[in-house]
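# Results of the structural survey
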Amino acid sequence: ATVSVLYWTNMALLSLIYVAAAAELPLLGRTDAVDMVKGLKVVGDTAFTAAGASGLVAVNVKNPGEAKELWRVETGGKANSVDAVGDTVYVADGKTGLKVVRNGSVVGEFPEPCLEVQVSGGVAYLRSTGGDIVAIDVSNPTAAPELLGSYNESSAEVLFVVGTTVYITVYNSSNASRDLNIID
């Protein structure tokens, strides 16, 4: 039988919930891993949490009833968003920029202040603290990340990437609405 697990945070707790066809979703496990969860990415048996001033926290969720912290990295800023590809984790760390982490150690940095990160095809797409979208080459995570380009949109709010297509929501002050911009 296939077991599906929903990973959920309520800002302070990481909860694992069994998802089935039933109307009730039983709680499988919970961990008080951090004081605040601002972003979450699960790869295999590891949940990576962007934990604000607590940095990046990795939690083993192989056995949801016994979820345990594996390691944490103090990032020096406020971890707002996290993405992971294989064993490499990317953290949008506010004013201190992008942090690249492997096995609990920072192996690379890019100084662009950012609130959100999405990685696709060796490129990290950042939503900067000013709202612009910045593309950085992270194909070699231990090398210094190289700026590939940027899209100036000072009111970008949400970033999502599929392949090389970037979707952002943008606040339109002229009519107080949100627009969807698509960049390729």
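Here the structure is a predicted model, which is why all the values come from computation and not from measurement.

Conventions used here
- Residues numbered from 1 in each chain as written.
- Predicted model: local features only at pLDDT ≥ 70, side-chain atom pairs only at ≥ 80, totals over all residues.
- Heavy atoms only, no water.
- Helix = DSSP H or I, 4+ residues; strand = E, 2+ residues; numbered from the N terminus.
- Buried < 20%, exposed > 50% of the residue type's maximum accessible area, 1.4 Å probe, protein only.
- Contact = heavy atoms within 4.5 Å.
- Areas by Shrake-Rupley, 256 points an atom, 1.4 Å probe, with all protein chains shown as cover.
- Pairing = 2+ DSSP bridges.
- Axes fitted to C-alpha atoms, helices over the stretch in contact; angles between N-to-C directions.
- Core = buried A, V, L, I, M, F, W, Y, C linked by side-chain atoms within 4.5 Å.
- Salt bridge = Lys/Arg side-chain N within 4 Å of Asp/Glu carboxyl O.
- Phe/Tyr/Trp six-rings, centres within 6.5 Å; stacked < 30°, edge-to-face > 60°.
- Polar contact = N/O pair within 3.5 Å; in protein donor to acceptor, adjacent residues only side chain to side chain.

Within the protein, the secondary structure is distributed over zero helices and 18 strands. A buried classification covers 44% of the 184 residues belonging to the protein. For the protein, contacts bridging at least 24 residues in sequence account for 32% of all contacts bridging at least 6. With the model as given, the accessible surface of the protein reaches about 9200 Å², and the carbon-plus-sulfur share is 50%.

Quick look at the sheet that holds strand β16 (residues 156-162) now. Hydrogen bonds between backbone groups are what pair the strands of a sheet, and the pairing can be parallel or antiparallel. One open sheet accounts for three strands, arranged β16-β17-β18; its pairing is antiparallel. Pairing within the sheet leaves two strands with one partner each, and these edge strands are β16 and β18 (177-183). The average angle at which neighbouring strand axes cross in this sheet is 20°, direction not considered.

Take the nonpolar core next. One finds Tyr90, Leu98, Val117, Leu126, Ile136 and Val138 to be the most contacted residues of the largest nonpolar core, which totals 13 residues. Contributions of two or more residues to this core are made by β9 (88-92), β10 (98-102), β12 (114-120), β13 (123-128) and β14 (133-137). For this core, the element with the most residues is β12, which contributes three residues. When neighbours within four sequence positions are excluded, valine 117 is seen to be in contact with Ser81, Val82, Asp83, Tyr90, Val91, Ala92, Leu98, Ala124, Tyr125 and Leu126.

A few words now on the sheet that holds β13. Taken together, the four strands give an open sheet; going across it, the order is β12-β13-β14-β15, and neighbouring strands pair in antiparallel fashion. Only two strands of the sheet have a single neighbouring strand rather than two, namely β12 and β15 (146-151). Pairs of neighbouring strands in the sheet enclose a mean axial angle of 25°, with direction left out of account. Of the pairings in the sheet, the one linking β12 to β13 comprises six bridges and is antiparallel in character. Its bridge partner being in β13, valine 117 is matched across the sheet by leucine 126.

According to the stated counting rule, one finds six salt bridges in the structure shown. Across the salt bridge formed by glutamate 109 and lysine 99, the nearest N and O atoms sit 2.8 Å from each other. One end of the pair, glutamate 109, is in strand β11 (residues 105-110); the other, lysine 99, is in strand β10, with ten residues separating them in the sequence. Under the relative-accessibility criterion, glutamate 109 is labelled partly exposed at 47%. Its relative accessible area of 6% is what places lysine 99 among the buried residues.

To continue, consider the packing of aromatic side chains. Under the defined criterion, the tally for this structure stands at one aromatic pair. Judged by centre distance (6.1 Å) and plane angle (45°), the ring pair of phenylalanine 48 and tryptophan 71 falls under tilted. Of the two residues, phenylalanine 48 sits in strand β5 (residues 46-50) while tryptophan 71 sits in strand β7 (residues 68-73), which places them 23 residues apart along the sequence. Note on phenylalanine 48: relative accessible area 6%, which makes it buried. Residue classification places tryptophan 71 among the partly exposed positions, given a relative accessible area of 21%.

Even without a glycine there, the phi angle at asparagine 103 is positive, about 50°. With respect to the secondary-structure elements, asparagine 103 resides in the loop between β10 and β11. With relative accessibility at 61%, the residue asparagine 103 sits in the exposed group.

Within the secondary structure, serine 81 sits in strand β8 (residues 81-85). One polar contact links the side chain of serine 81 to the main-chain amide nitrogen of valine 117, over a distance of 3.2 Å. Apart from residues no more than four positions distant in its own chain, serine 81 is found in contact with Ala50, Tyr90, Val91, Ala92, Leu115, Glu116 and Val117.

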